[in-house]
Each structure stands twice: as structure tokens, then as C-alpha cells.
Amino acid sequence: MSTAQATKNCITLKGSAQIIVEYLKYGINSILFQRGIYPAENFDNTQQYGLTILMSKDPKITTFLQNVLKQTEEWLSKNMINKISMVITNAHTKEVLECWDFKMQAELGDGDSDGKDPSKQTSSKQLSRIQNEIRDVMRQISATVSYLPLLDCICTFDVMIHTLQNTEIPAQWDETGAVFIQNAQAVQLRSFSTGLHKVDTVVNYKMSS
């Protein structure tokens, strides 16, 4: 069952945010596994989008992601986010080795809203079509291991939420600066759309010297 809020095939902003946050949850876990950030035995198989996806079973990671994605969903349902970044760093030197950007762009939808109240916009796009588009992106994430440089050091990761200006930041969150990768290369994966948000996935990585 999908968590998307849909009535008569009508996706709301909140439903669109839920679909995207679900993608981020599976996408980030898949990257953690594919890039070998944690040992393979720390992951369990699950089925989603017609694919087998490996999910971390480490309570610290699942709790961290739950907190980040809960806040993401709240802000995204109000169109207050333009990007989420998953940053992979060398645990010892703190050098940024990889940055996965999930760029979000608001779309107008095709519902009856007159555009005066963005929160009432809806999309009639079939959930199955959206999930097929997400499945294509997930397959590309898995395929990146064939060309991304080997991460041959102990790595750690963080998730950054890029909000629009004037967004009120919760007290327990830190503001941070831009991420810089030396010798950076970027690969853009496929995009998907809910009809209310378009999501582009881009991996930026350090070229091996």
C-alpha cells in the first residue's frame, strides 16, 4: 500500500510530499548499501516499486532518517524546499567525497484550483505511472556503482535540507554552508514527477586522482 493521499486519483500537495519522502527513504538507504557506507549485514531486503531494495536496520540510522524525512514532508507539503542533499564524507579527514542532490521543483498540477491558493492544487497523475518513473530512478541509483569511484575509506553521511529563505528552522537543527567537492564530476539521473513536484536526482563525486 502506498502512503500517498489520493482520492478519485487526485494527489494533493501533502500526498505529493509523501510520495517524494517515500522515494527519499528508499533512495538514501539504497545509496548507503550500494556505496558500502555500512556493512552489508546491517541491511535487510524489502520489496518496493517492483524492486528488491536494501534497508538499514541500524536503529540510529532509521531514527535519524525518520526525523529528517518527517521535517522534509512537512516543509515540502508547503513548497518550502528546493533541494535535499545526501553528503558522504571521509570519516577521518572530513573531506566530502560524494553529494547526492535531490532537486525539487513545484509544478502547477492539473486540478480545479484557480492558482490563488497553492495548497489546494491537485494532480490527477496515476500513482502507478509515478511509481514506474521512481522505479527507473532507483534502477539507475543501483547502476551507479559501475562508474562511481570506490570509496576505500571509512565514510559517514549526513542529510541537508535546502529551504527557501525565511523558513523557520527548528531549534535542534543546525544551519550549514555549501558543500564543496574537489575535482567534481556530476551525473544526472532520470527525473520523476507527481504532477505537483518534479524531482531530479544528481550525483556529484570526486574524480579519482
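Cut-offs applied
Within each chain, residues carry numbers counting from 1 in the order of the written sequence. Local features in this predicted model are restricted to residues whose pLDDT is 70 or higher, and side-chain atom pairs enter the listing and the counts only when it is 80 or higher, whereas totals over whole chains, interfaces and linings include all residues. Computation of side-chain values covers all heavy atoms of the structure but excludes hydrogens and water. UniProt positions are given in the numbering used here, feature names are shortened, and annotations may be inferred rather than shown by experiment. Numbering of helices and strands starts at the N terminus; helices are DSSP runs of H or I of at least 4 residues and strands are runs of E of at least 2. Expected helix span is given by 1.5 Å per residue-to-residue step, counting one fewer step than there are residues. Contacts were defined at the residue level, with two residues in contact if any of their heavy atoms lie within 4.5 Å. Distance and chemistry together define a polar contact, namely a pair of N or O atoms within 3.5 Å, with one atom able to donate a hydrogen and the other to accept it when in protein, and with adjacent residues in sequence counting only for side-chain atoms on both sides. Basic side-chain nitrogens of Lys or Arg form a salt bridge, by our definition, when they fall within 4 Å of a carboxyl oxygen of Asp or Glu. Only protein chains enter the accessibility calculation, which uses a 1.4 Å probe. A residue is then buried if its area is under 20% of the maximum for its type, exposed if over 50%, and partly exposed in between. Between N-to-C directions, angles cover 0 to 180 degrees, with each direction set by a line fitted to C-alpha atoms, over the stretch in contact for helices. Each angle receives one of four descriptions, namely roughly parallel if under 35 degrees, roughly antiparallel if over 145, roughly perpendicular if within 65 to 115, and oblique otherwise. In this scheme the handedness of a crossing depends on how the near helix is turned from the far one: anticlockwise by less than a right angle means left-handed, clockwise means right-handed. Under the convention adopted here, Pro, Cys and the residues Ala, Val, Leu, Ile, Met, Phe, Trp and Tyr are nonpolar, Asp, Glu, Lys and Arg are charged, and Gly plus all remaining residues are polar. Working definition of a nonpolar core: buried Ala, Val, Leu, Ile, Met, Phe, Trp, Tyr and Cys residues. They are joined through side-chain atoms within 4.5 Å. Pairing between two strands requires that DSSP report at least two bridges joining them.

As annotated in an unreviewed UniProt entry, the chain is Mitotic spindle assembly checkpoint protein MAD2A from Drosophila hydei. Check the Sequence similarities (unreviewed entry) section of the UniProt entry for the chain; it says "Belongs to the MAD2 family." The UniProt entry for the chain carries this comment under Subcellular location (unreviewed entry): "Nucleus".

(A) Molecular detail of helix α2 (residues 59-76). When the terminal C-alpha atoms of α2 are compared, their 25 Å separation across 18 residues agrees well with the 26 Å that a helix rising 1.5 Å per residue should span. Packing partners of the buried residues in α2 comprise α1 (13-34), β3 (51-56), β4 (81-90), β5 (96-106), β7 (155-163) and β9 (197-206). With a side-chain oxygen lying 2.8 Å from the backbone nitrogen of lysine 60, the N-terminal cap of α2 falls on aspartate 58.

(B) Looking closely at the pattern of salt bridges. This model, assessed by the stated rule, comprises eight salt bridges. Between glutamate 74 and lysine 78 there is a salt bridge; the shortest N-O distance is 3.8 Å. We classify glutamate 74 as partly exposed; its relative accessible area is 39%. A relative accessible area of 51% places lysine 78 in the exposed class. Close ionic contact of aspartate 200 with lysine 198 constitutes a salt bridge, the shortest N to O distance being 3.8 Å. Judged by relative accessible area, aspartate 200 falls into the buried class, the value being 12%. The class of lysine 198 is partly exposed, set by a relative accessible area of 29%.

(C) Seen up close, the environment of isoleucine 11. Turning to its location among the elements, isoleucine 11 is positioned in strand β1 (residues 11-12). On the basis of relative accessibility, which here comes to 1%, the residue isoleucine 11 falls in the buried class. Expressed as a C-alpha distance, the spacing of isoleucine 11 and threonine 122, which sit 111 residues apart in the sequence, is 5.3 Å.

(D) Summary view of the packing of α1 against α2. The N-to-C vectors of α1 and α2 enclose an angle of 150 degrees; their axes lie 9 Å apart at closest approach. When the axis of α1 is compared with that of α2, the two are roughly antiparallel. In the crossing of α1 with α2, the sense of the turn from one axis to the other is right-handed. In contact with Ala17, Gln18, Ile20, Val21, Leu24, Lys25, Ile28, Asn29 and Leu32 of α1, α2 contributes Ile61, Leu65, Leu69, Thr72, Glu73 and Leu76. Class assignment of the residues belonging to the contact of α1 with α2 gives a composition of ten nonpolar, three polar and two charged.

(E) Quick peek at the environment of isoleucine 20. Locating isoleucine 20 in the fold gives a position in helix α1. Residues contacting isoleucine 20, with those up to four places away along its chain left out, are Leu76, Met104, Phe192, Thr194, His197 and Val199.

(F) Representation of the nonpolar core in the model. Judged by nonpolar contacts, the single largest core of 48 residues is most densely connected at Tyr23, Trp100, Phe102, Met104, Met138 and Phe157. Sorting elements by how many residues they give to this core places α1 first, with ten residues. Among residues more than four places away in sequence, those in contact with phenylalanine 157 are Ile28, Leu32, Tyr38, Ile61, Phe64, Leu65, Met86, Val87 and Ile88. Of all hydrophobic cores here, the second largest spans five residues; its members include Val87, Val96, Cys99 and Ile181.

(G) Representation of the sheet that holds β4. A sheet is described by the order of its strands in space; here five strands give the open sequence β7-β4-β5-β9-β8, paired in antiparallel fashion. Pairing within the sheet leaves two strands with one partner each, and these edge strands are β7 and β8 (184-193). Strand-to-strand twist across the sheet, computed as the mean angle between neighbouring axes with direction ignored, equals 15 degrees. Where β5 lies against β9, nine bridges are found, and the strand directions are antiparallel. Of the residues in β9, the one forming a bridge with glutamine 105 is lysine 198. Packing against the sheet, α2 makes contact with β4, β5, β7 and β9, and its axis sits at approximately 15 degrees to β7.

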